[in-house]
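Inside the fold
Each chain is listed here by its residues.
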Amino acid sequence: MEHRTAALNFPSKKAPAEPLPQVTAAELKAALNFVVRDSLLPVSAGLSALYAVFAISHALVLPDTLALPMSLLAGATALLLLMIRLFLRRSPLPERWAHPMGAVIIGLILVNSLLHLYLTAEPIQTTNLILLVIGAGFLYLSLFWLGLVLLITFSGWVIVMLLSAHSPEWTHFGFALFTASVLAMLIHFTRVRSLKRLEALRFQEERRKAELETALAATDEARRGAEISKRELMQSEAQMRLLTSQMPAILWTTDAELRFTSSLGTGLNRLDLHANQVVGMSLFEFFQTSSPDFLPIAMHYRALKGESVAYETEWNGRLFDSKTEPLRDAEGQVIGLIGIALDITDRKHAEEQARISLKEKELLLKEIHNRVKNNLQVISSLLHLQAGYIQDAHARARFKESQDRLKAIVLIHEKLYQSEDLTSIDFGAYIRNLVVHLFRSHQVNANNITPRLNVDPISLDIDRAVPCGLIINELVANALQYAFPNGAGGEIGLEFHEDADKKITLAVSDNGIGLSPDLEFRQTESLGFQLVNTLVEQIHGAITLERHGGTKFTIAFRH
């Protein structure tokens, strides 16, 4: 965009003179109008005061026949010029009226001069008009030439006055000369003042033009940046709208009066709505209620207080998981809300079906554990009946050991059947029940052999519970049979703990006679020790034996 500025360049003392630029007629007319308009106020004020002096001087100097009309004429001219001056000071004059108003002032002066000439009937009064023209010509003179002309003119007048012995004609000529001098001074003062103002306006205009060009360049750069940001924002909005329009949810925004400002998402289809269909509608209108305690509306009011709220609500037979958060401006004030609602109806139905199915499977698994337990008890009973027909004591003892092993497994399935968690059991409680069963099965006198249990309530799954139960069965049964011969008394201890590294320690000990020093339990032909070693390997554990003050087997494995 190009800007054309009308300006007149004048030479100054600080810079060399430059040729005047080519200006149009309209620009020149506007500049001259400005000069004339700017000179009207001081010229009218000075002339008004000058003619007021003339009115007084005419009354004092002129003959009685001329004093009154001449004083009235000068006073009327002074009054009219004063009224023009007051009018110009009160109302700023448009530029197009500058020359007409200047013509009015000049006309008043010429009329006054003509009437003055008529009343005096002296040809010498024509010098008034000549001197007025000379005074107006000083507009184009510098201060030096103005002073030189005035000095020569006044010097000549003084010489003539001395030679003419103060004749009335030359006295009147002196008044005319004084009038022209004052007029010239006023015109020159107005010219200098106007030129200074024009020069200041030119520099101000150039500075403003430079500032404007800088501002335009910055604005243009900002506009380009804004266009780039706008394109990026439009792309981002398009991507976001495309993304949100395909979301299997409902996304909405509201203002501070809880009126919808947008709504998106394929979840609207579940409610037979389209994108932005509810824009402008209030939440009360949408939910068709006037109660602020209605759950979704109450949650929106909480969000307006700055909270982030999550809630579930049902609407039109659908269940939604919703969340609403406040939208804030740059000062952190809440100006609206943004919310998202996910239709979880199908998920809830699926969860309910899965819960029912899981319950059915749990019942089925419990029934399986119960039937396994019952079947194992039947086998145990058959072994007990069969053992009654065996005469050989050694064979009957083997049947008894098998029956105890079955009982250890039966107890595990019984615990699983009774447990809420069908995948694991409280092994600490299981150890207590198993030890009670083994003491009863071997008909141990509690006064002779005492169990010492130090076990923690640790849960084990069935893959570890069954091997551990059989290990305890073999080691406790071995201690009951061989550690205390001939009715000797003592203690059998069991420890079951877990450390911070999820390492479980199972220890079975007794203070009986101990194992033979020549017995190597890892290579013995005893079925019980072979079974223990196999079961320890099955749970990826390690077993150690201590022979001091009895016997102590320690098994360590990971949970």
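Parameters at a glance
Residues numbered from 1 in each chain as written. Predicted model: local features only at pLDDT ≥ 70, side-chain atom pairs only at ≥ 80, totals over all residues. Heavy atoms only, no water. Helix = DSSP H or I, 4+ residues; strand = E, 2+ residues; numbered from the N terminus. Buried < 20%, exposed > 50% of the residue type's maximum accessible area, 1.4 Å probe, protein only. Areas by Shrake-Rupley, 256 points an atom, 1.4 Å probe, with all protein chains shown as cover. Core = buried A, V, L, I, M, F, W, Y, C linked by side-chain atoms within 4.5 Å. Contact = heavy atoms within 4.5 Å. Pairing = 2+ DSSP bridges. Axes fitted to C-alpha atoms, helices over the stretch in contact; angles between N-to-C directions. Patch = residues over 30% accessible without salt bridge, like charges linked within 9 Å, V, L, I, M, F, W, Y side chains within 5 Å. Salt bridge = Lys/Arg side-chain N within 4 Å of Asp/Glu carboxyl O. Expected span 1.5 Å × (residues − 1). Phe/Tyr/Trp six-rings, centres within 6.5 Å; stacked < 30°, edge-to-face > 60°.

**Digging into the overall build of the protein**
- A count of helices and strands for the protein gives 13 helices and 12 strands.
- Burial status across the protein gives 35% buried among its 559 residues.
- Accessible area of the protein: about 34000 Å², with a carbon and sulfur share of 60%.

**With respect to the nonpolar core**
- Phe 427, Phe 496 and Ile 555 are the most contacted members of the largest nonpolar core, which totals 44 residues.
- A per-element tally of this core places helix α12 (residues 462-482) first, with 10 residues.
- With residues near it in sequence (within four places) discarded, Phe 496 still touches Phe 427, Ile 431, Asn 454, Val 455, Asp 456, Ile 458, Leu 460, Ile 504, Thr 505 and Leu 506.

**Considerations on the sheet that holds strand β2 (residues 260-264)**
- Strand order in the open sheet made by the five strands is β2-β1-β5-β4-β3, with antiparallel pairing throughout. The sheet is open, and its two borders are formed by β2 and β3 (309-315), each paired with just one other strand. Within this sheet the neighbouring strands show an average axis-to-axis angle of 20°, counted without direction.
- The strands touched by helix α8 (residues 295-304) within the sheet are β1 (249-255), β3, β4 (318-328) and β5 (334-343), with β3 carrying the most contacts at an inclination of about 160°.

**Remarks on a nonpolar patch on the surface**
- A cluster of nonpolar residues, Leu 79, Leu 80, Leu 82, Met 83 and Leu 86, forms a patch on the protein surface that exposes about 460 Å² of accessible area.
- The topology assignment puts Leu 86 in helix α2 (residues 64-90).
- Among the residues examined, Leu 86 registers a relative accessible area of 47% and is labelled partly exposed.

**Some thoughts on helix α13 (residues 527-538)**
- With 12 residues, α13 should cover 16 Å at 1.5 Å per step; its first-to-last C-alpha distance of 16 Å lies within 8% of that length.
- Note on α13: the residue one or two positions beyond its end, His 540, has a positive phi of about 55°.

**Things to note about the environment of His 58**
- Summarising the element assignment, His 58 is placed in helix α1 (residues 25-61).
- A relative accessible area of 11% places His 58 in the buried class.
- The spatial distance from the C-alpha of His 58 to the C-alpha of Ala 74 is 8.4 Å, given a sequence separation of 16 residues.
- If we skip the residues at most four places from it in the chain, His 58 touches Ala 67, Met 70, Ser 71, Ala 74 and His 116.

**A short note on the packing of aromatic side chains**
- Tallied over the entire structure, the rule returns nine aromatic pairs.
- A centroid spacing of 5.0 Å and a plane angle of 35° characterise the contact between Phe 427 and Tyr 430, whose relative ring orientation is tilted. Placement of both Phe 427 and Tyr 430 in helix α11 (residues 427-441) is noted, with a separation of three residues, approximately one turn of the helix. Residues Phe 427 and Tyr 430 agree in their burial class; the two are buried.

**Remarks on the pattern of salt bridges**
- With the rule as written, the count across this model stands at 14 salt bridges.
- Of the charged contacts in the structure, one is a salt bridge between Glu 227 and Arg 223, with a shortest N-O distance of 2.9 Å. One end of the pair, Glu 227, and the other, Arg 223, are both in helix α6 (residues 168-245), four residues apart, so they sit about a helical turn from each other.
- A relative accessible area of 41% places Arg 223 in the partly exposed class.
- Close ionic contact of Arg 347 with Glu 351 constitutes a salt bridge, the shortest N to O distance being 3.4 Å. A residue pair is termed a helical-turn pair when its members lie 3 or 4 positions apart in one helix, as Arg 347 and Glu 351 do in helix α9 (residues 345-388) at four residues.
- The class for Glu 351 is partly exposed, based on a relative accessible area of 40%.
- Here the salt bridges do not stand alone but share partners, grouping Asp 220, Glu 221, Arg 223, Arg 224 and Glu 227 into one network.

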